[in-house]
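An overview of the molecular structure
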Amino acid sequence: MRFQPSQESQKNMNIKYDQNGLVPAIIQDATTKNVLMLGYMNEAAYQKTIETKQVTFFSRSKQRLWTKGEESGNFLNLIDIKNDCDNDSLLIQVKPVGPTCHKGTDTCWAEKNTSNYGFFSTLEAIISERVANKDTNKSYVASLFSKGINKIAQKVGEEAVETVIEAMDNNDELFLYESADLLFHYLMLLQAKGFTLKDIEEELKGRHK
């Protein structure tokens, strides 16, 4: 992933700096979309960011420019810069090198900078938790895992066939029902093989470079 807009267009961006000559810069991972930190830029920091393609801020405590990672090596490689509707704050998308926070965490909110797929990520966590609990009497997931990977794979095959059958019919409700069953069991099969949706994402991204 590379810096997208032309340097010339970014140099001419209309930015409203505050009375101290600063503008807030929200730093976001271009891939995971997680917010990593908040910093401030003056015009010199902004121009240096454009020129070097590494995010540079203005330190209000030290009263100087500082490039993130200049001491730690944890640089923020520039991907894109967007101005908000009032031209008084920046959204800067980056590819981080290492943790962003000076305390060693991925973000300044001590959160993991991992991809999130909404409810699908929640479902992955639920499956993992129920497998770990091994309560085969109360958990369908634990019960299926206890029968081994062949049984899980067989169940995915059965659900796939049922989904195909419903796809050729006109009952959309049943098609969605079987599709949900298929996806649920596929998530179980992924975990049984030691993979997650993140691995599938990386495989697909590799095919579309």
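To keep things clear, this report deals only with the structure shown in the data block. (Residues numbered from 1 in each chain as written. Predicted model: local features only at pLDDT ≥ 70, side-chain atom pairs only at ≥ 80, totals over all residues. Heavy atoms only, no water.)

1. What to know about the pattern of salt bridges
Our working definition: The salt bridge criterion pairs a side-chain nitrogen of Lys or Arg with a carboxyl oxygen of Asp or Glu, the two atoms within 4 Å. Helical segments are the DSSP runs of H or I of at least four residues, strand segments are the runs of E of at least two, and each set is numbered from the N terminus. Three labels apply to residues, based on accessible area from a 1.4 Å probe with only protein chains included: buried if under 20% of the type maximum, exposed if over 50%, partly exposed otherwise in between.
Overall, the coordinates contain seven salt bridges when judged by the stated rule. As a salt-bridge pair, Lys 155 and Glu 158 come within 3.8 Å of each other at their nearest N and O atoms. With Lys 155 and Glu 158 both in helix 5 (residues 149–167) and three residues apart, the pair spans about one turn of that helix. Relative accessible area serves as the criterion here: at 24%, Lys 155 is assigned to the partly exposed category. Taken together, the shared-partner salt bridges connect Lys 198, Glu 201, Glu 202 and Lys 205 into one network.

2. Observations concerning the packing of aromatic side chains
For the record, the criterion: Geometry of aromatic contacts follows a simple scheme: Phe, Tyr and Trp rings, the Trp one being its six-membered ring, pair when their centres are within 6.5 Å, and the pair is stacked under 30 degrees between planes, edge-to-face over 60, tilted otherwise.
All chains considered together, the criterion is met by one aromatic pair. Between Phe 57 and Trp 66, the aromatic rings sit 5.2 Å apart at their centres with planes inclined by 35°, giving tilted as the arrangement. Overall, the relative accessible area of 1% leaves Phe 57 in the buried class.

3. A closer look at the environment of Tyr 40
Inclusion rule: Throughout, a residue-residue contact means that at least one pair of heavy atoms, one from each residue, lies within 4.5 Å.
Relative to the helices and strands, Tyr 40 is located in strand 2 (residues 35–41). A C-alpha to C-alpha distance of 14 Å links Tyr 40 and Gln 54, two positions 14 residues apart in sequence. Setting aside its immediate chain neighbours within four residues, Tyr 40 contacts Leu 22, Val 23, Pro 24, Phe 57, Phe 58 and Arg 60.

4. Comments concerning a nonpolar patch on the surface
Convention followed: Patch membership requires over 30% relative accessible area and the absence of a salt bridge. Like charges are linked within 9 Å, and nonpolar side chains (Val, Leu, Ile, Met, Phe, Trp, Tyr) within 5 Å. Each accessible area is a Shrake-Rupley estimate made with a 1.4 Å probe; only the visible protein chains count as cover when residues are assessed.
A surface patch of nonpolar side chains, about 360 Å² in accessible area, is lined by Ile 26, Val 35, Leu 38 and Trp 109. With respect to the helices and strands, the residue Ile 26 is situated in strand 1 (residues 23–29).

5. Quick look at the pairing of strand 2
Rules: When DSSP finds two or more bridges between a pair of strands, those strands are recorded as paired.
For strand 1 and strand 2, the ladder comprises six bridges, and the chain directions are antiparallel. Along strand 2, the bridge assignment pairs Pro 24 with Tyr 40. Counting the residues between successive antiparallel strands, the hairpin from strand 1 to strand 2 contains five residues, one of them, Lys 33, with a positive phi of roughly 70°.

6. Description of the sheet that holds strand 1
Rules: To get an axis, a line is fitted to the C-alpha atoms, and for a helix only the part in contact is used. The angle between two axes follows their N-to-C directions and goes from 0 to 180 degrees.
Judged by pairing direction, the sheet is mixed, and its four strands sit side by side in the order 2-1-6-5 without closing on themselves. Since the sheet does not close on itself, it has two edges, and those belong to strand 2 and strand 5 (76–83), each with one partner. Here the average twist between neighbouring strands, direction ignored, is 30°. Bridge analysis of strand 5 against strand 6 (residues 90–96) gives seven bridges, and the strand direction is antiparallel. Bridge pairing links Ile 81 to Ile 92 in strand 6. The strands touched by helix 2 (residues 43–52) within the sheet are strand 2, strand 5 and strand 6, with strand 5 carrying the most contacts at an inclination of about 120°.

7. Quick look at the side chain of Thr 56
For clarity, the threshold we go by: We define a polar contact as two N or O atoms separated by no more than 3.5 Å, with the added condition that, inside protein, one atom must be a possible hydrogen donor and the other a possible acceptor, whereas residues neighbouring each other in sequence contribute only through side-chain atom pairs.
When you line up the elements, Thr 56 lands in strand 3 (residues 56–59). Within polar-contact distance, the side chain of Thr 56 engages the side chain of Thr 67 at 2.8 Å. Ignoring sequence-local partners within four residues, the contact set of Thr 56 consists of Met 41, Ala 45, Lys 48, Thr 49, Leu 65, Trp 66 and Thr 67.

8. Brief notes about the environment of Asn 74
With respect to the secondary-structure elements, Asn 74 resides in the loop between strand 4 (64–67) and strand 5. The spacing of Asn 74 and Cys 101 is 27 residues in sequence and 9.1 Å in space, taken between C-alpha atoms. With residues up to four places along the chain from it excluded, the contact list for Asn 74 reads Lys 68, Gly 69, Val 97, Gly 98 and Pro 99. A polar contact of 3.4 Å, which involves the side chain of Asn 74, links it to the backbone oxygen of Pro 99.

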